[in-house]
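Summary of the model geometry
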Amino acid sequence: MVRPQSAVFFFEEDSSVPEHSKPLMLEAVLFCPILQWMSEKLLADGVQRFFVVCGPRFAEEARACFPADADVTVSEQQSDLMKFLNSPDPVLVLPRAALPVEEAGAGFVYAAPGYELQEAWKTKMTNAVTAAELVPGWLPVYGPDTIAELEGLLRGRIVQAHIRGGVRVLDPAAVYIDPRVTIGAGTVLLPGTILQGPCRIGSRCQIGPNALVNSCTVGDDVTINASQVNESTLGDGCDVGPYAHIRPNCTVGARCHVGAFVQLKNCVLGEGTKMSHLTYVGDADVGSGVNFGCGTVTSNYDGFKKHRCTIGDNAFIGCNTNLVSPVTVGEGAYIAAGATITRDVPPDALAVARARQENKENWAARRRRMHGKA
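Computed from a prediction, not measured in an experiment: that's the story for all the values here. (Residues numbered from 1 in each chain as written. Predicted model: local features only at pLDDT ≥ 70, side-chain atom pairs only at ≥ 80, totals over all residues. Heavy atoms only, no water.)

1. Notes on the state of the cysteines
For the record, the criterion: Any two cysteine sulfur atoms within 2.5 Å of one another count as a disulfide. Throughout this description, buried means an accessible area under 20% of the type-specific maximum (1.4 Å probe, protein chains only), exposed means over 50%, and partly exposed covers the range between.
Under the counting rule described, the total for this entry stands at zero disulfides. With no disulfide partner, Cys-250 has as its closest neighbouring cysteine sulfur the one in Cys-267, 3.8 Å distant. On the basis of relative accessibility, which here comes to 1%, the residue Cys-267 falls in the buried class.

Below, the structure is given as structure tokens:
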């Protein structure tokens, strides 16, 4: 039989899936839905058209398992399926969740001409299809027990594939890598590293120990130490951590330093900006060469709406500064330590926003005497 260019997937019926659960095809193996494992294998094999027999409850999740430009129909309507099958060309049928394992023998996946499937499925769905050919290379998934067994096998294979590609893994048993991850040569993964989602990791990076990188683009020569980075982009030469938390929608420029106990959220940092410790920057556009002192906070939420803060190139933000958004700090401006900034700061200005210090002589001694502690 000619290699099929079309494929049909069968989900469990919606009514058979408990409210708290998902169909097996949408359960994750190494963070990646089984259906996406299946679709990527078939795309690599030249399959170009897909039909997913799935009700509306899970239709959006099913479609997300394919590239945006793929020819995919998600429907539970028989008329849509009959239209899809209206061809003499062979169609691959995947009647249940499965994972691609090259050495697996022929079992339950089969291929048959579209017209044959039309005829067999006119009245009811059945796998008793005349002229069907069994197709090897797929291991069935029956439930969580099967996932647990196969996850260890596939995790080891993914790690070994990256090692062959020039990635250094200090303890192959202590890292977890999503199949959608790409990693450049010369990168080192330390124990406790988790790479999740469609990540692109550059060359000569060091990730870990105990780091989570989720759906990110990471440049070359980046260090991520004991930190979490989610749905963001890190430029070349950045260093993150330890104990930093980068939340979604951040773009961190080249050679930035995001240090201990720093949290970023929905912000842009220009090249060479540094925040060494204990800082929160959210909903902000920050220029290049900015220095943040310890304890800086962008106060971006007024209880109803989020507001953005803008900081120009080469600004210097003193320790324990509150930037009450929306506010703009001009290029080259300085903010004195302990300031709460509620108005725009002009370029090259010094902003001082704190009460004048006043010392009460002998106040502490009088207080101790009042409480009998003198």
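2. Here we look at a nonpolar patch on the surface
Stated formally: Patch definition: residues with relative accessible area over 30% and no salt bridge; like charges joined within 9 Å; nonpolar side chains (Val, Leu, Ile, Met, Phe, Trp, Tyr) joined within 5 Å. The accessible surface values rely on the Shrake-Rupley method and a 1.4 Å probe; as for residues, cover is taken only from the protein chains in view. We count a salt bridge whenever a side-chain nitrogen from Lys or Arg sits within 4 Å of a carboxyl oxygen from Asp or Glu. Working definition: helices are DSSP H or I runs of at least four residues, strands are E runs of at least two. Numbering for both runs from the N terminus.
A cluster of nonpolar residues, Phe-316, Tyr-334, Leu-350 and Val-352, forms a patch on the protein surface that exposes about 410 Å² of accessible area. With respect to the helices and strands, the residue Phe-316 is situated in strand 33 (residues 316-317). Given a relative accessible area of 33%, Phe-316 falls into the partly exposed group.

3. A closer look at the pattern of salt bridges
Enumeration over the complete set of coordinates arrives at 11 salt bridges. For Arg-180, the salt bridge is made with Asp-178, and the minimal N-O distance between the two is 2.7 Å. The residues Arg-180 and Asp-178 share a single accessibility class, namely buried. Linking Arg-308 and Asp-285 is a salt bridge whose minimum nitrogen-to-oxygen distance equals 3.0 Å. Pair noted here: Arg-308 is in the loop between strand 31 (297-299) and strand 32 (309-311) and Asp-285 is in strand 29 (residues 284-286), with a separation of 23 residues, a long-range link. With a relative accessible area of 33%, Arg-308 lands in the partly exposed category. The exposure class of Asp-285 is partly exposed, given its relative accessible area of 30%. Through salt bridges with shared partners, a single ionic network connects Arg-204, Asp-220 and Asp-221.

4. Re the environment of Leu-85
For the record, the criterion: Whether two residues are in contact is decided by their heavy atoms: any pair within 4.5 Å suffices.
If you trace the backbone, Leu-85 turns up in the loop between helix 3 (78-84) and strand 6 (90-94). Each C-alpha atom, one on Leu-85 and one on Tyr-115, is 6.5 Å from the other, the two residues being 30 residues apart in sequence. Filtering out sequence-adjacent residues up to four positions away, Leu-85 remains in contact with Val-8, Val-91, Gly-114, Tyr-115, Leu-117, Gln-118 and Trp-121.

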